[in-house]
Every structure is written in C-alpha cells, then in structure tokens.
Amino acid sequence: MYDGFYNLSQKPFQLSADPDFFFQSSVHKRALAYMQYGLTQGEGFVLVTGSPGTGKTMLVKSLVKNLNKDKLLIGVMMTSQVGPEDTLRLIASTFGFQYLHNDKASLLNSFEKFIIEKAREGRRLLLIIDEAQNLPKQSLEELRMLTNLDVNGTPVFQVFLVGQPELKRTIYAADMEQLKQRIVSTYHLDPLDEEETKEYILFRLQTAGWQGKPEFDPRVFADIHDFSAGTPRRINSLCDRLLLFGYLEELSVLDSQAVEKVISEVNEEMQLEDREEQVAASSITAIRYSDAEAGSFEDRLQRLENEVLNLHNIASKEKALLRKAILIQLDMEPVYDSGKK
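None of these values were measured; they are calculated from a predicted model.

So, on to the nonpolar core. One finds Ile128, Ile201, Phe216 and Ile224 to be the most contacted residues of the largest nonpolar core, which totals 54 residues. Ranked by residue count, the leading element in this core is helix 11 (residues 232-248), at seven residues. Residues contacting Ile201, with those up to four places away along its chain left out, are Phe13, Phe221, Ile224, Ile235 and Cys239. Among the nonpolar cores identified, the runner-up in size contains 36 residues, and Ile91, Leu140, Leu149 and Phe157 belong to it.

Listed below in structure tokens is the structure:
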C-alpha cells in the first residue's frame, strides 16, 4: 500500500525477522562477537538474553546465515513449556533424526548415537534454542548432560540459549551450578540509544529502496526513540503506522506532528484494550460479590457474555471504519505514476 506510494521496493518495518534488514548496532555487533567467540570454543553453552523486541530472533537468523554448514549441523528451535522428554523429541524433530521408541532412555541413546555418527562425518551439532526461558530446569539439565559428549576428546554438541532476562535468573540459581559452569560466553542485549535509533530507521528505509520520499523531519527520531525506548520491535511498529498515516494523508514530509498523531492513535487503542479488560474484570467481580442483586448464576453469566459481546462489537465497528476509510482513499486515488509531478 504505502510502499508503492513512496516508491519503496518492500515494506521497511515488517515485524518478521528478515536477515537482510539486520542492523549491526553496537549492542548487536557485540552480541554477535560473543556468539562467534563461543563457537570457537566448540563446547558448553552460549547465553544471550534481552527483553522482548530487542532483536534476539534477528540476531539468531543473521548468525546462522553466515555459519559454515559443512562443519556444523545447525538446529534452531522455539520452545514452549515442555518437559525433558518433550524437549528431546523437539530436538529430534529439529535435527531430523529418527528414533524407534518414545521413552526417555531410548531417546537419549538414539540422540547420542546420532551425534557421534555426525562427528565421524566431520560435523558437530549446534543447537540454538530461541525463547529458551520457557525451558524447565530439568530440560536444561538434560541439555547439560548432552554437552558432555565427546568423540576422541573433542566436544561434539554445543547449545546456544537465547531468551528473555528470566532465563539468566534461572541459570544462575543456586541449584544450577553445574550448568552455570558450562557457560563459555554470555551477553545481554540492551535497547538502542537515540542516535542508533535514527541510524536503525534510516538503514531499514534504505534497505527497502528509500530515495528520500517521504522526508523525515530531524526531530521525529527523538520522538520515536522516546516512545519506543529504543526497542527495535516498537520502533518497527510505530514507523510502519507512521508511513501508513503519511500515505493516507498524502504527506511528503513526516514531522513531529505526524508522529504525535500516530502515537495518540496507538495510545487510544491501548486505552481501549485496558477498558475492555477493566469492564471484564468488574463484570467478574459483580458476578462474585453481588449475588443478591444479580439474580441467578445463569443470569449473571448471560450478562457477562453480553458485556464481552458488546465490547467485541465496538472494536469491530472501529476496525470496519478504518478499513472503509482506506478503501475510499484507494478508490479516489489514480494508479500511482512515479513520474507524476
């Protein structure tokens, strides 16, 4: 939509992690250096943490893109709350090895044989676990045991743990001392500062074919940084909305006024969500504590369902109005001609 209006080759602020848009900020460069150092050690664990939206998945994809696949068999897996045996099954699926039995002992035995077989082929295994904060301690212990495997004294299995800050708290707990001793490198991703926020925005625009349209007033970068606190995902979300706003308003310059308008809309949406949660919570409280006035349980439940349905309808109407406005704008616009004066 706005990418055609502004002559962009693609959307510059998509939320999906595309390595072509990897911006090597000072913190991301350092994180890559720590990960690469960990790889040279060839054993144990490498730990990378960061708050949601700081670019951990992008970091993983950029690292994997440049690794030597002839020497490494790389498995990248996302985790949820899984037990030790489910973790082993996930690993099996990630690396694509076959096992005959589902019990824990058979799984471990099959995986050990698989690792040794690959080592004899001249490849060691690198397992990268994204969202690793979801792993229970038992699963982490199973991984620690696997990192002890070696062939002729050479380590053959290494694990990168990438996750939110609670992962570090789990690993550095008093009862995880043995795993902590197996960590060879660790790094925490901080948000971008104001200057790097500006560089990040311009880098993504240029990667998407930006030729100076729309123009960004220099003051908007500080506004964007203030709102996003330097978190790449929040920067992406706000800038994507800002470009859409610029397209709908046919703006050739995006200034602080435009940013404030978009931020205001985002805050209104967040407040609407908060109100929905508050109404739902108050409705539940009314059901619990107003039996004398509320009538039967069935009546109270029906009223709560009606409240939720009413909130859903309100939100649907607002979304429909936004879509209608966009469609009207599209109907009114001629096909975009890059040579149009």
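So, about the pairing of strand 6 (residues 157-163). A large share of strand 6 lies buried, amounting to seven of its seven residues. Burial of the side chains of strand 6 extends over both faces: Phe157, Val159, Leu161 and Gly163 are buried on one face and Gln158, Phe160 and Val162 on the other. When strand 1 (residues 45-50) meets strand 6, the two strands line up parallel, connected through five bridges. Residue Phe45 lies in a different strand from strand 6, and its bridge partner there is Val159. Relative to strand 6, strand 3 (residues 124-130) runs parallel, the two being bridged by six bridges. Residue Leu126 lies in a different strand from strand 6, and its bridge partner there is Gln158.

For the rest of this paragraph, the subject is the confidence of the model for the chain. Considering every residue of the chain, the mean pLDDT works out to 84; 82% of them sit at 70 or more. Here residues 332-341 scores under 50 on pLDDT; set against residues more than four positions off or in separate chains, the count is eight contacts.

So, about unusual backbone geometry. Put simply, Lys213 and Pro214 share a cis peptide bond, and its omega is 0°. Summarising the element assignment, Pro214 is placed in the loop between helix 9 (194-207) and strand 8 (215-216).

So, on to the pattern of salt bridges. Tallied over the entire structure, the rule returns eleven salt bridges. Of the charged contacts in the structure, one is a salt bridge between Glu166 and Arg169, with a shortest N-O distance of 4.0 Å. Separated by three residues within a single helix, Glu166 and Arg169 lie in helix 7 (residues 165-171), roughly one turn from each other. Residue classification places Glu166 among the partly exposed positions, given a relative accessible area of 30%.

This part takes up the packing of helix 4 (residues 84-95) against helix 5 (residues 104-120). Between helix 4 and helix 5, the least distance of the axes is 10 Å, while the angle of their chain directions is 35°. Remark: the crossing between helix 4 and helix 5 carries left-handed chirality. Contacts from Glu85, Leu88, Arg89, Ile91 and Phe95 in helix 4 reach Lys104, Leu107, Leu108, Phe111 and Phe114 in helix 5. For the contact of helix 4 with helix 5, the per-class residue count stands at seven nonpolar, no polar and three charged.

Calculation criteria
Residues numbered from 1 in each chain as written. Predicted model: local features only at pLDDT ≥ 70, side-chain atom pairs only at ≥ 80, totals over all residues. Heavy atoms only, no water. Core = buried A, V, L, I, M, F, W, Y, C linked by side-chain atoms within 4.5 Å. Buried < 20%, exposed > 50% of the residue type's maximum accessible area, 1.4 Å probe, protein only. Helix = DSSP H or I, 4+ residues; strand = E, 2+ residues; numbered from the N terminus. Contact = heavy atoms within 4.5 Å. Pairing = 2+ DSSP bridges. pLDDT = per-residue confidence, 0-100. Salt bridge = Lys/Arg side-chain N within 4 Å of Asp/Glu carboxyl O. Axes fitted to C-alpha atoms, helices over the stretch in contact; angles between N-to-C directions. Left-handed = near helix turned anticlockwise from the far one by under 90°. Nonpolar A, V, L, I, M, F, W, Y, C, P; charged D, E, K, R; others polar.

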